[in-house]
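# A structural walkthrough
Residue-level listing of the chains:
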Amino acid sequence: MKTLKVNGKRIKVDADEGTPLLWVIREQLGMTGTKFGCGIAQCGACTIHIDGKAVRSCVYPLSAVTESNDVTTIEGLSENGDHPVQQAWAELDTPQCGYCQPGMIMAVAGMLNDMPNPSDEQIDAQITNICRCGTFQRVREGIHLAAKKS
Amino acid sequence: MNDLVNGINVSRRRFIVGASVAGAGLSLGILPAGKASADGHLDEVNAWVVIAPDDTVTVRVARSEMGQGTLTGLAQLVAEELECDWEKVTWEFPTPGQSLARERVWGPFSTGGSFGLRGSQQYMREGGAAARMMLIEAAAQKWGVPAAECYAENSVIYHKGSRRKTSFGKVADAAGKLAPPTEVRLKQESEWKVAGQPLKRLDTADKLTGKLVYGADIQLDGMLLASIKDCPVMGGKLVSYDEVAVRDMPGVRGVVKVETALGTSGVAVVADTWWQANKALEKLPIEWDLGPNADFDDAALTELLEDGLDADEAFIGNAGGDIGAAFAAADRVVEAVYKVPSQNHAPMEPMNATAVLTKDKCDVWCPTQDGEAALAGASEASGLPIEQCEVYKTILGGGFGRRGRPDYVHQVVEVAKAFPGTPIKLQWSREEDQKHGFFHPTTMAKMRGSLDADGKLTGLHLRISGQSILAGLAPQALQDGMDRLVFQSLFKQGVAPNMEDHVISYDFENLLVDHAMRNPPIRPGFWRGVNMNQNAIYMECFMDELAAAAVRDPLEFRLAHMGKNPKGAAVLKAVAERSGWGQKDGKHRGLAVTYGFGSYVAACADVTVSGNGDVKIDRIVAATDCGTAVNPQQIEAQVEGSFVYGLSALLYQEITFDQGVVEQQNFHTYPSMRIKDMPKVETILMPSGGFYGGVGEPTIGVAAPAVMNAIYAATGKRVRSLPLKEQLKA
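Here's a quick rundown of the structure. (Residues numbered from 1 in each chain as written. Chains lettered and ligands numbered in written order. Predicted model: local features only at pLDDT ≥ 70, side-chain atom pairs only at ≥ 80, totals over all residues. Heavy atoms only, no water.)

## Brief notes about the sheet that holds strand E27 (residues 680–685) of chain B
Residues and elements named next belong to chain B. Which entries qualify depends on this criterion: If DSSP finds at least two bridges between two strands, the strands pair. Numbering of helices and strands starts at the N terminus; helices are DSSP runs of H or I of at least 4 residues and strands are runs of E of at least 2. Note on definitions: angles span 0 to 180 degrees between N-to-C directions of axes, and those axes are lines fitted to C-alpha atoms, for helices only across the stretch in contact. Two residues form a contact once any of their heavy atoms are found within 4.5 Å.
On the basis of which strands lie adjacent, the open sheet formed by four strands has the order E22-E23-E24-E27 and mixed pairing. Edge strands, defined here as strands with exactly one partner in the open sheet, are strand E22 (588–596) and E27. Across the sheet, the mean angle separating the axes of adjacent strands is 15° when strand polarity is ignored. Sheet contacts for helix H18 (residues 566–579): E22, strand E23 (599–609), strand E24 (615–625) and E27; angle to E24, the most-contacted strand, approximately 140°.

## Considering the state of the cysteines
Residue and element names in this part refer to chain A. As a reminder, the rule being used: When two cysteine sulfur atoms lie within 2.5 Å, the pair is treated as a disulfide. Exposure categories follow from relative accessible area, calculated using a 1.4 Å probe and restricted to protein chains: below 20% of the type maximum is buried, above 50% is exposed, and the middle band is partly exposed.
Tallied over the entire structure, the rule returns zero disulfides over all chains. With no disulfide partner, Cys 97 has as its closest neighbouring cysteine sulfur the one in Cys 133, 3.8 Å distant. Relative accessible area serves as the criterion here: at 3%, Cys 97 is assigned to the buried category. No disulfide involves Cys 131; its sulfur sits 3.7 Å from that of Cys 100, the nearest cysteine.

## Quick word on the side chain of B:Lys207
Our working definition: Counted as a polar contact is a pair of N or O atoms within 3.5 Å, where, for protein atoms, one must be capable of donating a hydrogen and the other of accepting one, and residues adjacent in sequence contribute only when both atoms are in side chains.
Along the chain, B:Lys207 falls in the loop between helix H7 (168–176) and strand E8 (224–230). A distance of 3.0 Å separates a polar atom in the side chain of B:Lys207 from a polar atom in the side chain of B:Asp203. In contact with B:Lys207, not counting residues within four places along its chain, are A:Pro95, A:Gln96, A:Cys97, A:Gly98, A:Gln101, A:Pro102, B:Arg201, B:Leu212, B:Tyr214 and B:Ile395.

## Considering the sheet that holds strand E4 (residues 89–92) of chain B
All names here are of chain B. Taken in spatial order, the four strands make up an open sheet running E1-E2-E3-E4, and their pairing is mixed. The sheet terminates laterally at strand E1 (44–46) and E4, the two strands that pair on one side only. Recorded for the sheet is a direction-independent mean angle of 30° between the axes of neighbouring strands. By the bridge criterion, four bridges tie strand E3 (residues 57–60) to E4 in an arrangement that is parallel. Among the inter-strand pairings, Val 57 is bridged to a residue of E4, identified as Val 89. Against the sheet, H7 contacts E1 and strand E2 (49–51), and its axis sits at roughly 60° relative to E1.

## Structural notes on the environment of B:Arg405
Residues and elements named next belong to chain B. Examined against the element boundaries, Arg 405 turns out to sit in the loop between strand E17 (389–393) and helix H13 (407–417). What makes Arg 405 partly exposed here is its relative accessible area of 21%. For the pair Arg 405 and Phe 526, spaced 121 residues apart in the sequence, the C-alpha separation amounts to 9.5 Å.

## Re the packing of helix H16 (residues 532–549) of chain B against helix H20 (residues 700–715) of chain B
Residues and elements named next belong to chain B. Keep this limit in mind: Note that the term roughly parallel is reserved for angles under 35 degrees, roughly antiparallel for angles over 145, roughly perpendicular for angles of 65 to 115, and oblique for everything else. A clockwise turn of the near helix away from the far one marks a right-handed crossing, whereas an anticlockwise turn of less than a right angle marks a left-handed crossing. Three classes are used: nonpolar for Ala, Val, Leu, Ile, Met, Phe, Trp, Tyr, Cys and Pro, charged for Asp, Glu, Lys and Arg, and polar for all others, with Gly counted as polar.
It is the contact of H16 with H20, at a shortest axis distance of 8 Å, that shows an interaxial angle of 30°. Taken together, the axes of H16 and H20 are roughly parallel relative to one another. Read as a crossing pair, H16 and H20 show a hand that is right-handed. In contact with Met 532, Asn 533, Ala 536, Ile 537, Glu 540, Cys 541, Asp 544 and Ala 548 of H16, H20 contributes Ile 700, Gly 701, Ala 704, Pro 705, Met 708, Asn 709 and Tyr 712. Classifying every residue of the contact of H16 with H20 by side-chain character gives ten nonpolar, three polar and two charged.

## What to know about helix H19 (residues 632–651) of chain B
Let me state the cut-off plainly: In a helix, the anticipated span is given by 1.5 Å times the number of residues less one.
The first and last C-alpha atoms of H19(B) sit 28 Å apart over 20 residues, in line with the 28 Å expected at 1.5 Å per residue. The buried fraction of H19(B) is high, at 19 of 20 residues.

## Some points on the packing of aromatic side chains
Residues and elements named next belong to chain B. Rules: Only the six-membered ring of Trp is used, alongside the rings of Phe and Tyr, when aromatic pairs are assigned; centres must lie within 6.5 Å, and planes under 30 degrees apart are stacked while those over 60 apart are edge-to-face, with the rest tilted.
A complete count under the given rule lists 17 aromatic pairs over all chains for this structure. Between Phe 439 and Phe 657, the ring centres sit 6.2 Å apart and the planes meet at 85°, which makes this aromatic pair edge-to-face. Of this pair, Phe 439 sits in the loop between helix H14 (430–435) and strand E19 (443–451) while Phe 657 sits in strand E25 (residues 657–658); the two residues are 218 residues apart in sequence, bridging distant segments of the chain. The residues Phe 439 and Phe 657 share a single accessibility class, namely buried. The interplanar angle of 40° and the centroid separation of 4.6 Å between the aromatic rings of Trp 527 and Tyr 645 together place this pair among those described as tilted.

## As for the packing of helix H3 (residues 101–114) of chain A against helix H5 (residues 136–149) of chain A
Residue and element names in this part refer to chain A. The contact between H3 and H5 brings their axes to 11 Å, and the two run at 35°. For H3 against H5, the interelement crossing comes out right-handed. Along its contact with H3, which presents Met 104, Val 108, Met 111 and Leu 112, the element H5 presents Phe 136, Val 139, Ile 143, Ala 146 and Ala 147.

## Remarks on the interface of chain A and chain B
Accessible area lost during the coming together of the parts is what is often quoted as the interface size. Condition: Summed over both partners, buried area is the accessible surface (1.4 Å probe) that two parts give up on being assembled. One speaks of a salt bridge when a side-chain nitrogen belonging to Lys or Arg is within 4 Å of a carboxyl oxygen belonging to Asp or Glu.
Tallying the contact residues gives 49 residues for chain A and 59 residues for chain B. When chain A packs against chain B, close to 4,400 Å² is buried across both sides, 56% of that on carbon and sulfur atoms. On the chain A side of the contact with chain B, A:Gln96, A:Arg132 and A:Gln137 bury the most area, a combined 20% of that side's loss. In this assembly, chain A and chain B are joined by three salt bridges. Listing elements by their share of the side of chain A that touches chain B, those giving two or more residues are helix H1 (21–28), helix H2 (84–92), H3, helix H4 (120–126) and H5 of chain A. The dominant element in the side of chain A that touches chain B, judged by the number of residues it contributes, is H5(A), at five residues. Residue composition of the side of chain A that touches chain B, by class: 22 nonpolar, 17 polar and ten charged.

Rendered as structure tokens:
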């Protein structure tokens, strides 16, 4: 048994320490907003925050998380789905199939924590998530819009 | 693509059938739960329209939603005819089982070939209009006035004379009991208020918060998780596995041999969690009989395809004039060989399905592009009559053609047989998804063009050699061995009604397009854009080569053969003008035009190629004439995305085989475009009216060739095979 702080709540989990956080979140905690895409940290669909920093949870083992870490998933990014990134995404109707978008939104929100007004070059360097529908044009526009909102 | 394969069978009477069996639906108890209000009355006006007492309108959408926006577009069309308040519109998926029980009232569920909207718009608009007439009739009867004196607007019905009014929700119950009208008049596009508007999608909100439940997210009480490995070589078989080696691993509940009626053969581990199942599967010793294709590789493929380039026998897809005479009289003959590899769909959500099987019921939850094919798969795999099976569709985490196949449904039902009554979710790993795709067909093309002394194109021979999708997936659809779909966007006009959406853009005096079918041991499938993709590359890149050989402007060279295709010429001219074609500004531009899935499309690409061969795509201008634009902002989104899909294929993607096994097993070796490489896409919508063309696929056709031609403009080098990878680095 290990206690995690997820979306502000302390939760006990019972899983092998080698289990990636992605599967702890999805299968032990039953929170399915964080997606499985590749399992090798290539696509970013599984992006969550640990202490405000974006990490790819499919390769982040439970053993690397301590009780003092703040784990944030898409479900906890905002109380009412109104984080500036979520607002910008809604305004631009960014998602297509939407499967990559929780990870995309978490990656963008994590970047904005450190870089409140990123340039296009910084976006290119920081946001490496894959979206097969190809929403990048609106993702880029949405990042600039979210930066204005926050 | 099923509609395309089978021919279109759209019954104008479908909504009437739907309305007339609504009562039967009630007695059979097959209406979706939750549609009866508290006092037990039903709010279904007809099969398409359900109205609750609070005026909420639920539009039933049978086609699948995988990001392409069909769901919202169809709801807009129904709402337009219904005259309801768009703010009160929501949606639901009817199930294929309900549809079957109601004589297929919702028509085909198959969602592909850019058909979702254009294949359903007529009967769904009629459904909306019929529902409006029934609501008005119900109000008129209540007031004792003629229906002709009443009208509906924004979910309210008014009587002109007495100024009485009532809302849809108040008369929906009565309306549902009326006989449907025998004739409806549909609105002209010029009268549209809801359709044609750039409205927001109906399904966005839950995609931003993680609340939307995809197939991969299904959770049922007592559910167990399965991970599967199918024989890595096509045509091979599972021989044995050593269950003892993994039986005591944490969470493991069992190991199951999974052989399906579709010919797949593999093994799944079932555990309390997917992570446990997959860990154990990785450790499971498995013996395969790799079968006859265990030595198949790229060299074997190349040999096979090259053999067809000059073969004597070939299926003729389009011929006119006298190609032999044209070549004999030519001043010059230009020749080039092109190649397009296999590609995987790689949707972000790997294949998955969930099933509960008991002795008399088989329920499946899955993301599918064809609910009815999934239902048939559940029945075939379970051995239960189709009436005892049901499929609950989710929104798809990408489809692109892959999820039209029911292989993973068969598999999950086979696994569920070993756990009667227990919900089983089968989740493929990304590696499994890469290895067991239904890949974009691989072909080569030998192009030959004859020019006269004035540089005029006098003859063109396009020989395609390679794979047929139908031969692999639906051999019954071949015609005397010929796969007509191979000739998408090259087909002759007026030959086959269901190929009219895929005719050639140019008028050539002497032309031969033929196909030497060569089928490698690779499972082919419908991949977004299908055969239009490589055909547009072959045609458009070679037209560029011919223009260069003739020392003609590529735009003028094309337009000289588009006199009979004014809509194609219009989109081509539009992208040329917007992009600054012909300007001496140091930019390197490439053009492409095609016609596919019923839409006229063109693109102009600007590229920069660095000294060391790095290609940067600076700008794309794309135009589409899809006839009717139901939701312009969603069309723009589809066009933008189609370039990411098409250019990922051009720049990075190929599936190759070593000893019969796919070599690219995850995104590190099968890369997909990321934000840093996406060019700015400017979309020009030119709906000319009078028809419904596809949107999801057509512009993919022009993505790769426009960039390939721009690369030539920048470097003088012709790229003739995909992917580009390091080709310019030499």
